[in-house]
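What follows is each chain in one-letter form.
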Amino acid sequence: MTSPLTTDTATTTATTAATTGGPALRQQRDLVTELPGPRSRALHARKLAAVPDGVGVMLPIYVEAAGGGVLRDIDGNTLIDFGSGIAVTGVGNSAPAVVEAVTRQVNAFTHTCFTITGYEGYIEVAEALNNLTPGDFDKRTALFNSGAEAVENAIKIARHFTGKQAVVAFDHAYHGRTNLTMALTAKSMPYKSGFGPFAPEVYRAPMSYPFRDGGVSGADAAARAIDQIDKQIGAANLAALIIEPIQGEGGFIVPAAGFLPALQAWARANDVVFIADEVQTGFARTGAMFASEHEGIEPDLIVTAKGIAGGLPLSAVTGRADIMNSAHGGGLGGTYTGNPIACAAALATIRSYLDDDLLGRAREIEALFRARLEELRSTDPRIGDVRGRGAMLAIELVDPATKAPDAALAARVAAAAHAQGLVLLTCGTYGNVIRFLPPLTIGDALIADGLDVLRDALAAA
Ligand code: PLZ
């Protein structure tokens, strides 16, 4: 196969990108105007007049093509993508296999509503997820559209199965923007402020956050959380615990080893459904198909979205057959849930993760980033922590003297990187974390260049 992406000098990566990347875009950062350029500025003016301010735009450049590890904007600038549209395009944007599968499906039929008349694609995606998710037990999968919708359904299912109502989420959690998922999400601004009242029977427990909790062990952090849950709610009232194995929006927080297994063991012993929200961590991103695998946990229910379908909207709840089957016929659904085009995209996407060894590529990306990030930290005490797994990595920026979060610094670094054509995302409860979520099809040369931009942005900020 001739590669549309061969301008990247990376060797092993170019091969990967050739089979999985997007349209024929030069894999090189290239700025031909200031950023944003005049066309993006004009379109942004139209955006402001047509779209509400609540729908924010981090970087007002408007895209006309994307693939491999770059985005090209409507002014002809090529930017490096360290965000993957928030961890979505793991297989690359417009990955050829996804484009082909989607095109075939569009030509066959676009919609029937699976709960009216079915089709094979939905069932194939369910079978794939039942096989790929951790846990060697009988499973079922239901499909939805967005991450938040799948989280809501996981909670519905857990409540129906247990006959209990309370749900525990954790400090720094992010689970979505719908009413129930806003309640589950920890951070007020910008996600919740002014949007209440929130759904009842949602409680919060303390997280394991090694950089900020003095290095409490995973076992001790779990004991602290369980004690609070026990005293404030009681297992007899608790339907589910929901947790991100690595917290995403909250700051790429990797809990101390043993935290997740201890929570899961307690949940199992107390008839509490353990739900892993792998919306951001799922699908090869962390160097395993699912981040739960790093901690050896087997969630009762696992929620996936984002990386599942190469950019098409699809999400899933996968889990123990007895739990998943407890809801009555007709109790789960939705007009577009498991849309056939999204299912076709998902099948091509999942095949690419496996056949193109994107799990291995995520681990290579980790090694490339970590070496450079640790090097930067060794000379820059404002980088308090380097953490994450696979191609889900972050630096936490702090006041070197006090470790106080430095959100203003993170904002300046991101802005400087944006101006140089690097799409860089921030996150964190305190807004002081810079996260790296490149497509797994990005080439080594783009990573090196992007990290040079980061180095310069840190130096200038
Ligand atoms: N669970 C762990 O990361 C989405 C939010 C972007 P949806 N995270 C990105 C934004 O600002 O809205 C997310 C997540 C975890 C659930 C969700 C929600 O997924 O597909 O955005 O609904």
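Reading guide: rules and limits
- Residues numbered from 1 in each chain as written.
- Predicted model: local features only at pLDDT ≥ 70, side-chain atom pairs only at ≥ 80, totals over all residues.
- Heavy atoms only, no water.
- Buried < 20%, exposed > 50% of the residue type's maximum accessible area, 1.4 Å probe, protein only.
- Helix = DSSP H or I, 4+ residues; strand = E, 2+ residues; numbered from the N terminus.
- Pairing = 2+ DSSP bridges.
- Right-handed = clockwise from strand over helix to strand, strands pointing away.
- Domains from an automatic or database assignment.
- Contact = heavy atoms within 4.5 Å.
- Buried area = accessible area lost by both parts, 1.4 Å probe.
- Salt bridge = Lys/Arg side-chain N within 4 Å of Asp/Glu carboxyl O.
- Polar contact = N/O pair within 3.5 Å; in protein donor to acceptor, adjacent residues only side chain to side chain.
- Nonpolar A, V, L, I, M, F, W, Y, C, P; charged D, E, K, R; others polar.
- Expected span 1.5 Å × (residues − 1).
- Arc of directions from axis to C-beta.
- Axes fitted to C-alpha atoms, helices over the stretch in contact; angles between N-to-C directions.
- Phe/Tyr/Trp six-rings, centres within 6.5 Å; stacked < 30°, edge-to-face > 60°.
- Lys NZ or Arg CZ within 6 Å of the ring centre and 35° of its normal.

Re the pairing of strand β7 (residues 238–243)
So, step 1. Where burial is concerned, most of β7 is hidden: 6 out of the 6 residues are buried.
So, step 2. Bridging between strand β5 (residues 166–170) and β7 involves 3 bridges; their strand directions are parallel. Looking at the pairing, Ala166 lines up with Leu238 of β7.
So, step 3. With 4 bridges joining them, β7 and strand β8 (residues 273–277) adopt parallel strand pairing. Bridge pairing in β8 places Leu241 opposite Phe274.
So, step 4. Each parallel crossover has a hand, and for β7 linked through helix α9 (residues 259–269) to β8 it is right-handed.

Looking at the domain arrangement of the chain
So, step 1. Domains assigned within the chain are domain 1 (17–91 + 357–460) and domain 2 (99–355).
So, step 2. Taking the mean C-alpha position of each, domain 1 and domain 2 sit 26 Å from one another.
So, step 3. Across the contact, 41 residues belong to domain 1 and 33 residues belong to domain 2.
So, step 4. Approximately 3000 Å² of surface area, both sides summed, lies buried where domain 1 meets domain 2, with 58% of it carried by carbon and sulfur atoms.
So, step 5. In this assembly, domain 1 and domain 2 are joined by 2 salt bridges.
So, step 6. Two residues, Arg435 and Glu249, come together in a salt bridge whose shortest N-O distance is 3.0 Å.
So, step 7. In this structure, the connection of domain 1 to domain 2 is made through 20 residue pairs in polar contact (both at pLDDT 80 or more).
So, step 8. Sorting the residues of the side of domain 1 that touches domain 2 by element identifies α3 (84–87), α12 (358–379), β11 (383–389), β12 (392–397) and β15 (433–436) as the ones contributing at least two each.
So, step 9. Class assignment of the residues belonging to the side of domain 1 that touches domain 2 gives a composition of 22 nonpolar, 11 polar and 8 charged.

Points about helix α4 (residues 96–108)
So, step 1. Spanning 13 residues, α4 covers 19 Å between terminal C-alpha atoms, matching the ideal 18 Å at 1.5 Å per step.
So, step 2. Turning to α4, its buried residues are Val98, Ala101, Val102 and Gln105. Along the axis of α4, the buried positions cluster into a sector of 95°, meaning they face one direction only. In α4, the exposed residues that point more than 90 degrees away from the buried face are Arg104 and Asn107.
So, step 3. Packing partners of the buried residues in α4 comprise α11 (340–355).

Section: the sheet that holds strand β14 (residues 425–427)
So, step 1. Strand order in the open sheet made by the 4 strands is β11-β12-β15-β14, with antiparallel pairing throughout. The strands lining the two open edges of the sheet, one partner per strand, are β11 and β14. In this sheet, adjacent strand axes meet at a mean angle of 30° when their direction is disregarded.
So, step 2. Two elements, β14 and β15, share 3 bridges in a ladder whose sense is antiparallel. Bridge pairing in β15 links Leu425 to Arg435.
So, step 3. Relative to β11, α12 is tilted by about 170°, and along the sheet it contacts β11, β12 and β15.

Remarks on the sheet that holds β5
So, step 1. Taken together, the 7 strands give an open sheet; going across it, the order is β4-β10-β9-β8-β7-β5-β6, and neighbouring strands pair in mixed fashion. The sheet terminates laterally at β4 (139–144) and β6 (202–205), the two strands that pair on one side only. Between one strand axis and the next, the sheet turns through 20° on average, direction left out of account.
So, step 2. Strands in contact with helix α5 (residues 120–132) are β4, β9 (301–304) and β10 (315–320); relative to β4, the strand with the most contacts, it is inclined by about 130°.

Digging into helix α6 (residues 147–162)
So, step 1. Taking 1.5 Å as the rise per residue, α6 with 16 residues should run 22 Å; its terminal C-alpha atoms sit 23 Å apart, in good agreement.
So, step 2. For α6, the complete set of buried residues consists of Gly147, Ala148, Ala150, Val151, Asn153, Ala154, Ile155, Ile157, Ala158 and Thr162.

With respect to the packing of aromatic side chains
So, step 1. Under the criterion given, the structure shown has 10 aromatic pairs.
So, step 2. Seen in terms of ring centroids, Phe114 and Tyr122 are 3.7 Å apart; in terms of plane orientation they differ by 10°. Their pairing is stacked.
So, step 3. A relative accessible area of 23% places Phe114 in the partly exposed class.
So, step 4. A residue is classified by how much of its surface remains accessible, and Tyr122, at 11% relative accessible area, is buried.
So, step 5. One residue, Lys403, lies across the ring of Phe211, its end atom 4.4 Å from the ring centre.

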